[in-house]
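Next come the chains, spelled out residue by residue.
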Amino acid sequence: MLVGFKSVRRARQRVKHIRITARVAPDSAPGFVAYLLRSPAVTEARAVDWNRADAETTTHLYAVDGDARGFADAAEETPGVEAVTLSAVGEPTTYAMLDIRDDEVPMYGVVEAALARAGLVVRRPLVYRDGRIHGHVVGDAAALQAVLDAVPDGMDVQLDEIGQFPSARANPASKLSDRQWEAIEAAVDLGYYDRPRAATHEDIADRLGCAPNTASQHLQDAEAKLVHAVLGDVGLNI
């Protein structure tokens, strides 16, 4: 039993958190990807989740901030995209679901195959912003190297950061103190972040049993840590 425990511990020590940025050549990207990366009508998009429907097809869920109709048109014109479904258009963020035959979409099938391997997990979402794709991968060094070796022509992948997992960057909430976490939980529960705002610092202070100024400070400190972590995720240095 002791040998088994040591083996598990060694495996945990190899797990890394990797932050990556990918650039795709215009003539290599599927039409809908090129639209997300280069259209001035889209401020940001996120690949929220994806699921393999069968051996040949994956379903992808995108959140599009901006012209989702243009994105849907580009997807429908892309060979290999079998279906496109939009949520209500006109909201700041529109959700789009795509059914994609991986082997018919240039580059997509290669990337899917490279990422679908033991010892590697891509953390959602992938962020499309400023002409680049930003993402996080968790896995061991050997699996990561295998992915980099399989990167297709037309795609350039940059390793922005490699660290241990779990980490504050991989899980920003881990940087919060217990009191800061309690303040955030109370604020959400009481409606402090609702629009219109349904609670005040005084309400949060009553919940926490402290002075309003103290509650305000806990919130500000927690918000600052979370904002810095999120901006770091997309490659903004602040």
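Each residue is numbered by its place in its chain's sequence as written, counting from 1. Per-residue local features are limited, in this predicted model, to residues with pLDDT of at least 70; the limit for side-chain atom pairs, both in listing and counting, is 80 or more; totals at the level of whole chains, interfaces and linings are taken over all residues. Side-chain metrics rest on all non-hydrogen atoms present in the structure, leaving aside hydrogens and water.

### Quick look at the overall build of the protein chain
Assigned secondary structure in the protein chain consists of eight helices and eight strands. Here, residues are in contact when the closest pair of their heavy atoms is within 4.5 Å. For the protein chain, the share of sequence-separated contacts (at least 6 apart) that also reach a separation of at least 24 residues comes to 64%. Surface summary for the protein chain: the accessible area is close to 13100 Å², and the carbon and sulfur share equals 53%. Here a strand is any run of E in DSSP of at least two residues, a helix any run of H or I of at least four, and the numbering for each starts at the N terminus. Only the protein chains shown count as cover for residues, and the accessible areas themselves come from Shrake-Rupley with a 1.4 Å probe.

### Topic: the pairing of strand S5 (residues 93-101)
At least two DSSP bridges between two strands are needed for those strands to be called paired. Of the pairings in the sheet, the one linking strand S3 (residues 57-66) to S5 comprises nine bridges and is antiparallel in character. Its bridge partner lying in S5, Asp65 is registered against Thr93. Between the antiparallel neighbours strand S4 (residues 81-86) and S5 lie six residues, among them Gly90 with a positive phi of about 115°.

### Focus on the packing of helix H6 (residues 178-190) against helix H7 (residues 201-208)
For the pair H6 and H7, the least separation of the axes is 9 Å and the interaxial angle reads 120°. Between H6 and H7, the interaxial angle falls into the category oblique. Here the hand of the crossing between H6 and H7 comes out right-handed. Each of Arg179, Glu182, Ala183, Ala186, Ala187, Asp189 and Leu190 in H6 lies in contact with H7, whose residues at this interface are Asp203, Ile204, Arg207 and Leu208. Its residues assigned to classes, the contact of H6 with H7 comprises six nonpolar, no polar and five charged. Angles here are taken between N-to-C directions and fall from 0 to 180 degrees, while the axes themselves are lines fitted to C-alpha atoms, restricted in helices to the stretch in contact. In these notes the angle categories are as follows: under 35 degrees is roughly parallel, over 145 is roughly antiparallel, 65 to 115 is roughly perpendicular, and the rest is oblique. Should the near helix be turned counterclockwise from the far one by less than a right angle, the crossing is left-handed, whereas a clockwise turn marks it as right-handed. For this classification, Asp, Glu, Lys and Arg are treated as charged, while Ala, Val, Leu, Ile, Met, Phe, Trp, Tyr, Cys and Pro are nonpolar and the rest, including Gly, are polar.

### Re the pairing of strand S6 (residues 120-129)
Examined bridge by bridge, strand S2 (residues 42-52) and S6 share three bridges and lie antiparallel to one another. Along S6, the bridge assignment pairs Ala47 with Leu126. As paired strands, S6 and strand S7 (residues 132-139) are joined by seven bridges and run antiparallel to one another. From the neighbouring strand, Val127 faces S7, where its bridge partner is His134. Between S6 and S7, which follow one another and run antiparallel, lie two residues, and Asp130 among them has a positive phi close to 55°.

### Considering the sheet that holds S4
Taken together, the eight strands give an open sheet; going across it, the order is S4-S5-S3-S2-S6-S7-S1-S8, and neighbouring strands pair in antiparallel fashion. The sheet is open, and its two edges are formed by S4 and strand S8 (155-164), each paired on a single side. Direction aside, neighbouring strands of the sheet carry axes that sit 20° apart on average. Bridge count between S4 and S5: five bridges; the pairing is antiparallel.

### Structural notes on the environment of Gly66
One can find Gly66 in strand S3. We classify Gly66 as partly exposed; its relative accessible area is 33%. Residues Gly66 and Thr94, 28 residues apart in the sequence, show an inter-C-alpha distance of 7.8 Å. What Gly66 contacts, discounting residues up to four positions off in sequence, is Ala41, Val42 and Pro92. Partly exposed residues are those whose accessible area sits between 20% and 50% of the maximum for their type, while under 20% is buried and over 50% is exposed, using a 1.4 Å probe and protein chains only.

### Let's talk about unusual backbone geometry
That bond from Arg124 to Pro125 is cis: its omega, -5°, falls within 30 degrees of zero. Turning to its location among the elements, Pro125 is positioned in strand S6. For the bond running from Arg195 to Pro196, omega is 0°, close enough to zero to count as cis. Inspection of the secondary structure puts Pro196 in the loop between H6 and H7. In this structure, Asp130 takes a positive phi of about 55° despite not being glycine. With respect to the helices and strands, Asp130 occurs in the loop between S6 and S7.

### Quick word on the nonpolar core
Among buried residues, the Ala, Val, Leu, Ile, Met, Phe, Trp, Tyr and Cys ones that are joined through side-chain atoms within 4.5 Å form a nonpolar core. Core analysis: the biggest nonpolar cluster contains 31 residues, and Phe32, Leu36, Tyr62, Phe71, Leu98, Tyr108 and Tyr128 have the highest contact counts within it. When contributions to this core are tallied by element, the ones reaching two or more residues are strand S1 (16-24), helix H2 (31-38), S2, S3, helix H3 (68-76), S5 and S6. When residues no more than four places from it in sequence are discounted, the contact partners of Tyr128 are Val33, Leu36, Leu37, Glu44, Ala45, Ala47, Tyr62, Tyr108 and Ile133. Listed in part, the 13 residues of the second largest apolar core include Ala183, Tyr192, Ala205 and Leu219.

Distances and angles like these do not, on their own, reveal function.
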